[in-house]
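# Tertiary structure, described
Below are the chains, spelled out letter by letter.
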Amino acid sequence: MLNPSTADELRNDPTVERCERRARQMGFGAMRVVNIFAFRATQPQDLRKAAHPEGPLNDACLLEGAQWADQILCAWGVHGEHLDQGPKVAERLRAAGHVLTHIGLTKEGHPRHPLYVSYKVTPMPWDVPSR
């Protein structure tokens, strides 16, 4: 998704709760959330103020999480355009041989954030976006 918020290993925030419900509904026994930015914030505008929101180890965490996954559901929303991070991450994952999915795209072509997407929407392949 976009960036860490208030969820942690002990308690979910609304977004992670919704992701967990979707994963269970789809028959998955586990899920792992990773984010295209490492900077922890509840508001995207705070993320934009950070000097280096991507963090020094975030790429390694993303690639390690992708190796673990049976399915990669991209869901960072329109704010993934900050520093062109969303497209960069998608390119890195595809270059590593991963198939990406989404549950809808914004008009700008970013994979929708899952908080307000119906459970009826199932993941679909995310073809290489045009730039």
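See the structure above.
Bear in mind that the values here come from a model prediction, so they are computed numbers and not experimental data. (Residues numbered from 1 in each chain as written. Predicted model: local features only at pLDDT ≥ 70, side-chain atom pairs only at ≥ 80, totals over all residues. Heavy atoms only, no water.)

## A few points about the packing of helix α3 (residues 58-68) against helix α4 (residues 85-95)
In contact at an axis separation of 11 Å, α3 and α4 are set at 45° when each is read in the N-to-C sense. Here α4 runs oblique to α3, going by the angle between their axes. The hand of the α3/α4 crossing is right-handed. Contacts between α3 and α4 involve Asp-59, Leu-62, Leu-63 and Ala-66 on the former and, on the latter, Val-89, Arg-92 and Leu-93. Partitioned by chemical class, the residues of the contact of α3 with α4 number five nonpolar, no polar and two charged. (Axes fitted to C-alpha atoms, helices over the stretch in contact; angles between N-to-C directions. Helix = DSSP H or I, 4+ residues; strand = E, 2+ residues; numbered from the N terminus. Parallel < 35°, antiparallel > 145°, perpendicular 65-115°, else oblique. Left-handed = near helix turned anticlockwise from the far one by under 90°. Contact = heavy atoms within 4.5 Å. Nonpolar A, V, L, I, M, F, W, Y, C, P; charged D, E, K, R; others polar.)

## Here's the deal with helix α1 (residues 14-25)
Along its 12 residues, α1 runs 17 Å from first to last C-alpha, staying within 8% of the 16 Å computed at 1.5 Å per residue. Among all positions in α1, only Thr-15, Val-16, Arg-18, Cys-19, Arg-22 and Ala-23 are buried. The arc that holds every buried residue of α1, seen down its axis, measures 160°, which confines them to one face. Turned more than 90 degrees away from the buried face of α1 sit Pro-14, Arg-24 and Gln-25, all of them exposed. On its buried face, α1 is in contact with β1 (72-73). Positive backbone phi, at 95°, marks Gly-27, one or two positions downstream of α1. (Expected span 1.5 Å × (residues − 1). Buried < 20%, exposed > 50% of the residue type's maximum accessible area, 1.4 Å probe, protein only. Arc of directions from axis to C-beta.)

## Examining the nonpolar core
Residues Leu-2, Ile-36, Cys-74, Trp-76, Val-89, Leu-100 and Trp-126 are the most contacted members of the largest nonpolar core, which totals 14 residues. Within the residue set of this core, elements represented by two or more residues are α3 and α4. In terms of residue count, α4 provides more of this core than any other element does, three residues in total. Beyond its immediate stretch of four places on either side in the chain, Leu-2 contacts Asn-35, Ile-36, Phe-37, Pro-44, Leu-47, Trp-76, His-79 and Gly-80. (Core = buried A, V, L, I, M, F, W, Y, C linked by side-chain atoms within 4.5 Å.)

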